[in-house]
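If you want the building blocks of each chain, they are given just below.
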Amino acid sequence: MDEVIRVQNLSFAYKQDYEVLKNISLVFDKKSTAIIGQNGAGKTTFVKLLKGLLKPTSGEIYIKGYNTKEVSTAFLSKYIGLVFQNPNDQIFKNTVLEEVMFGPLNILKDKKQAQENAIKALEMVGLQDKMHIHPYDLGLSDRKLVSIASIVSMDPDIIILDEPTIAQDHKGNTIIKNVIKELKEKGKLVITITHDMDFVAEIFERTIVLNEGIILLDGNTREVFSQQEILKKAYLELPHVAQLAKKLGIKQTLLTEQELINFLKHNKLNN
Amino acid sequence: MVNLVVEHLKYRYPLGNELALEDISFEVKKGEFIGIIGENGSGKSTLCQAIVGLVPNFYKGAYGGKVLVKEIEVAQSDVSEISSYVGIVFQNPFTQITGSKLTVYEEVAFGLENLGIPREEMIKRIEESLKLLRLFEYRHFNPFELSGGQMQRLAIASVIAMKPDILVLDEPTSQLDPQGSEEVFQAIQDLAKNGMTIIIAEHKIEKIASYADKIILLHKGKLVDFDTPEKIFSREDIEEYGIVPPVYTRICKSLNVKNEAGFYPVTLEQVYYELVKVYG
Amino acid sequence: MRYLSLYQEGNSLLHKIDPITKLLFVIIAILVPIIINTLTMALAFFIISTLLVFVARAFKRTLPIISFSSLVIITVLFIQGLFYLKNQTPFFTLGPFVFYKEGLLYATGIAIRIFNIINAVAVLIFTTKPSDLIEALVKKGVSPKIGYVFSSVLQIIPQMMSIVDTILDAQKARGLETEGSFTKRAKAFIPLIGPAVLNSLISTKERAMALEVRGFNSKKKKTFLNEVPYNKYSNVLQVALIAILVFSIIWRIISW
């Protein structure tokens, strides 16, 4: 297996005696992965640990073989990128282009190359025409796309997105889905935190359910969504299609519209 | 009883070249639950802010037409003075925390103190709205210590406690997990049943489909349609406005399953009912 | 809790006295020894405010401030003891230095006055939540807007500090080396100021709207959630304090 990240017995606490994450062990290969769970389940903390912004209270995290405790966050940024939930937290330049160039300039130290990467990333999110605008003159949804581009432009092997679809309309959602697909094709590991189950069902191969600091479920997305009882315990919903299929008494776990349509075209319902 | 009238509302932001709202007219009755949908930039937030008078009183700019809340013209009134008639919850929960109160409980009191609500009544309302939004156990927390989702619920509780006749919500559940947003929608629905008029701009299309009595469809500042969810989502041209109907509606469109009135179903219950009829 | 405050929970008598009374005491403890400018008066107030510090159980927290100002006071003692203009009577000698009684007395007067002010203020700030003091002032007729500015600053400044942390994280996350030497850290910090300010300006605009719709500018008579849970003698105390002030002014005028 192509091991990209290894997490070993990871525990983390902000305050003493109050563990947000409890003894988590897992390995990420290149399968695109969704992390789901209730507010407060520890999802954002977990990705901040992967990114090296926080260090484990106990246990180890290896990013492409580097222990996050032993190297600096800046060093790790060549390998792993994190798009914050709130784009305002990570925007600090005066034009969209400068903003997206900030990362590649730091790691490449070559202005021409950095600019090339930045423009490519902006094309990917459809903002190439807004390169010279001040990021704060864009709406929140476009600003989020800027923050995604500014990580993509660094070309790390691992890209983590924290709630990328907040405040996005259909058009923005489609752009984000395409970016993820494109990154997958390039062989990147994409990890995404999200509350949007339809998005999980449509895009991600693997799904991890975090609940109160432990991993409740981890596996193939379809398998995870077939564990309805456990999901309920974590207060999670099924994707809309799966809800309908369940209500219709269909035993299989169907995740997309097309699957349900095909099923109905070829089968009779049993009730 | 009609309690919100919007008549030929036009608006342009001070530095804008185009109209943000263009000739918008509609009426809403007491206790109705109205959804506003449209792609980003279609004018949803501007319309929300116009209903409470922040447009034009806070932003200035060019304004035409009328918004009447309980027959009061909001553009001519002070936003603070009409805040007991019409309230708004914004998208960003963080900036809705006043910053001058040390506990969640006191935070909810802020608006009530300004309105001069007597103390006993104040306490009653604070506790009611905190319980409704499941924040009562956090009442002694500092508002800034809450998570994004909890802050969002606090912002809603703070406005609900002011008991406005009309409650406007601009994407109030963006930071909430599925269960959290479901709870918020249910709480708001209860308020509507008790006579509060609800107007909510929201991207979560399935939620709007199952909770709204009627939907306003905006596109480039214009009101395209104002009708029931079934009719709006059954429009053949809906995707041209940047809106994808709920997944249930899409499935029924593909299978060409309509209800008796000739529209595609939009909620889980409706779609189940129609599909069982055809495929059962 | 991120909140700029020196208040410490407690249940001393002084915690139970209302903020306005304590504020009045601070004003009087400062003004009266100035109006009646005698060493006895200064000493009297010094003794009272010191006693109150003990009653408030705030001695431990006041001590650092006292010790810090003592450094200054000792210098004053030295200088005045040696060089005060009216120095006549040698008091003691230390090596080649002769200390004079007049200078030392003068410096002691200053010291007592300063310690008096420190103690009086300490009693107020260590036993009163700033928010309570502000609310009490608003109830007394201070504009709620001014009240809001003070009370929100106490919370929003710490909030801005946390925005700085977040942006610093974001920069690290994008390959800027911020761990290590001072220059590296300074280099990272300077470009941060712009976004932090911009961020808070935008928040300010949004927050202004949010306040507006919560009736902040309403002309209705404000009510208050928090009742005055304080000592019923506070009126008596306040009258007494004001009487002391008035008396001292009259005294001063009569004995001109």
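Residues numbered from 1 in each chain as written. Chains lettered and ligands numbered in written order. Predicted model: local features only at pLDDT ≥ 70, side-chain atom pairs only at ≥ 80, totals over all residues. Heavy atoms only, no water.

### Observations regarding the overall build of chain C
- Regarding its fold elements, chain C presents nine helices and two strands.
- For chain C, whose C-alpha radius of gyration is 25 Å, the value lies well above the compact-globule estimate of 18 Å for 256 residues.
- Considering only C-alpha atoms, chain C reaches an extent of 70 × 55 × 35 Å along its principal axes.
- Each of the 256 residues in chain C was classed as buried or not, and the buried ones make up 41%.
- Within chain C, contacts between residues at least 6 apart in sequence are counted, and of these 72% link residues at least 24 apart.
- A total accessible area of about 14,700 Å² is found for chain C, and carbon and sulfur atoms account for 73% of it.
- Across chain C, the 27 positively charged side chains and the 12 negatively charged ones have centroids separated by 7 Å. (Helix = DSSP H or I, 4+ residues; strand = E, 2+ residues; numbered from the N terminus. Rg over C-alpha atoms; globule rule 2.2 N^0.38 Å. Buried < 20%, exposed > 50% of the residue type's maximum accessible area, 1.4 Å probe, protein only. Contact = heavy atoms within 4.5 Å. Areas by Shrake-Rupley, 256 points an atom, 1.4 Å probe, with all protein chains shown as cover. Lys, Arg positive; Asp, Glu negative; His and termini not counted. Charge placed at Lys NZ, Arg CZ, Asp CG, Glu CD.)

### A short note on the interface of chain B and chain A
- Each partner contributes to the interface: chain B provides 31 residues, whereas chain A provides 29 residues.
- Of the roughly 2,900 Å² buried between chain B and chain A on both sides combined, carbon and sulfur atoms contribute 60%.
- For chain B, the biggest contributors to the area lost against chain A are Pro178, Tyr272 and Tyr279 of chain B; these three give 20% of the whole.
- Linking chain B to chain A there are two salt bridges.
- In this structure, the salt-bridge partner of Glu237 of chain A is Lys207 of chain B, at a minimum N-O distance of 3.9 Å.
- On the surface where chain B and chain A come into contact, there are ten residue pairs in polar contact (both at pLDDT 80 or more).
- Breaking the side of chain B that touches chain A down by element, the ones donating at least two residues are helix H6 (178–193), helix H7 (205–211), helix H9 (247–255) and helix H10 (268–279) of chain B.
- The biggest single contributor to the side of chain B that touches chain A is H10 of chain B, with eight residues.
- Among the residues forming the side of chain B that touches chain A, the class breakdown is 14 nonpolar, ten polar and seven charged. (Buried area = accessible area lost by both parts, 1.4 Å probe. Salt bridge = Lys/Arg side-chain N within 4 Å of Asp/Glu carboxyl O. Polar contact = N/O pair within 3.5 Å; in protein donor to acceptor, adjacent residues only side chain to side chain. Nonpolar A, V, L, I, M, F, W, Y, C, P; charged D, E, K, R; others polar.)

### Digging into helix H5 (residues 140–152) of chain A
Residues and elements named next belong to chain A.
- Taking 1.5 Å per residue, 13 residues should reach 18 Å; H5 reaches 19 Å between its end C-alpha atoms and fits that length.
- Most of H5 sits out of view: twelve of its 13 residues are buried.
- Considered for burial, the residues of H5 that qualify are Ser141, Asp142, Arg143, Lys144, Leu145, Val146, Ser147, Ile148, Ala149, Ser150, Ile151 and Val152.
- Here the buried face of H5 lies against strand S6 (80–83), helix H3 (96–108), helix H4 (111–124), strand S7 (158–162) and helix H6 (170–185). (Expected span 1.5 Å × (residues − 1).)

### Describing the interface of chain B and chain C
- The partner chain C presents 35 residues to the 47 residues of chain B that form the contact.
- A buried area of about 3,600 Å², summed over both sides, lies between chain B and chain C, and 55% of it is on carbon and sulfur atoms.
- Of all residues in chain B, Thr95, Leu102 and Asn114 of chain B bury the most surface against chain C, accounting for 17% of the area lost on that side.
- Linking chain B with chain C are five salt bridges, by the criterion used here.
- One salt bridge in this structure joins Glu81 of chain B and Lys219 of chain C, with 3.8 Å as the shortest N-O distance.

### What about the nonpolar core?
- Core analysis: the largest hydrophobic core is formed by 52 residues, its most contacted members being Phe33, Ile37, Ile126, Leu167, Ile198 and Phe233 of chain B.
- Apart from the residues lying within four places of it in its own chain, the contact partners of Ile37 of chain B are Lys44, Glu202, Ile205, Ile208, Ile215, Ile216, Leu217, Leu218, Ile232, Phe233 and Ile243 of chain B.
- Of all hydrophobic cores here, the second largest spans 48 residues; its members include Ile91, Leu97, Ala118 and Leu255 of chain A. (Core = buried A, V, L, I, M, F, W, Y, C linked by side-chain atoms within 4.5 Å.)

### Description of the domain arrangement of chain C
All names here are of chain C.
- Once the domains are mapped, chain C shows domain 1 (8–128 + 231–256) and domain 2 (130–214).
- Averaged C-alpha coordinates put domain 1 and domain 2 at centres separated by 36 Å.
- Counting residues at the interface gives six residues for domain 1, matched by six residues for domain 2.
- Around 480 Å² of area is buried between domain 1 and domain 2 when both sides are counted, 86% of it from carbon and sulfur atoms.
- Our count for the domain 1 to domain 2 interface comes out at zero salt bridges.
- Counting every contact that joins domain 1 to domain 2 gives zero residue pairs in polar contact (both at pLDDT 80 or more). (Domains from an automatic or database assignment.)

### Details of the sheet that holds strand S8 (residues 197–201) of chain B
Residue and element names in this part refer to chain B.
- The strand order S6-S7-S8-S3-S9-S10 describes an open sheet built from six strands, whose pairing is mixed. The open sheet terminates on both sides in strands that have one partner only, identified here as strand S6 (86–89) and strand S10 (222–227). The average angle at which neighbouring strand axes cross in this sheet is 15 degrees, direction not considered.
- Bridge count between S6 and strand S7 (residues 166–170): four bridges; the pairing is parallel. Each bridged residue has a counterpart across the sheet, and for Val89 the counterpart in S7 is Leu169.
- Sitting on the sheet, H6 is in contact with strand S3 (33–37), S7 and S8, with an inclination near 145 degrees to S8. (Pairing = 2+ DSSP bridges. Axes fitted to C-alpha atoms, helices over the stretch in contact; angles between N-to-C directions.)

### A look at the packing of aromatic side chains
- For the structure on display, the rule yields 24 aromatic pairs over all chains.
- With centroids separated by 5.5 Å and ring planes inclined at 85 degrees, the aromatic side chains of Phe199 of chain A and Phe204 of chain A adopt a geometry described as edge-to-face.
- Phe199 of chain A gets classed as buried once you look at its relative accessible area, which sits at 2%.
- The exposure class of Phe204 of chain A is buried, given its relative accessible area of 4%.
- Both rings, one in Phe110 of chain B and one in Tyr148 of chain C, keep their centres 6.5 Å apart while their planes meet at 65 degrees; by these two values the pair is edge-to-face. Of this pair, Phe110 of chain B sits in helix H3 (residues 104–115) while Tyr148 of chain C sits in helix H7 (residues 144–173), placing the two residues on different chains. Grouping residues by exposure puts Phe110 of chain B and Tyr148 of chain C together as buried.
- Sitting over the face of the ring of Tyr272 of chain B, Lys247 of chain A holds its NZ or CZ atom 5.1 Å from the ring centroid. (Phe/Tyr/Trp six-rings, centres within 6.5 Å; stacked < 30°, edge-to-face > 60°. Lys NZ or Arg CZ within 6 Å of the ring centre and 35° of its normal.)

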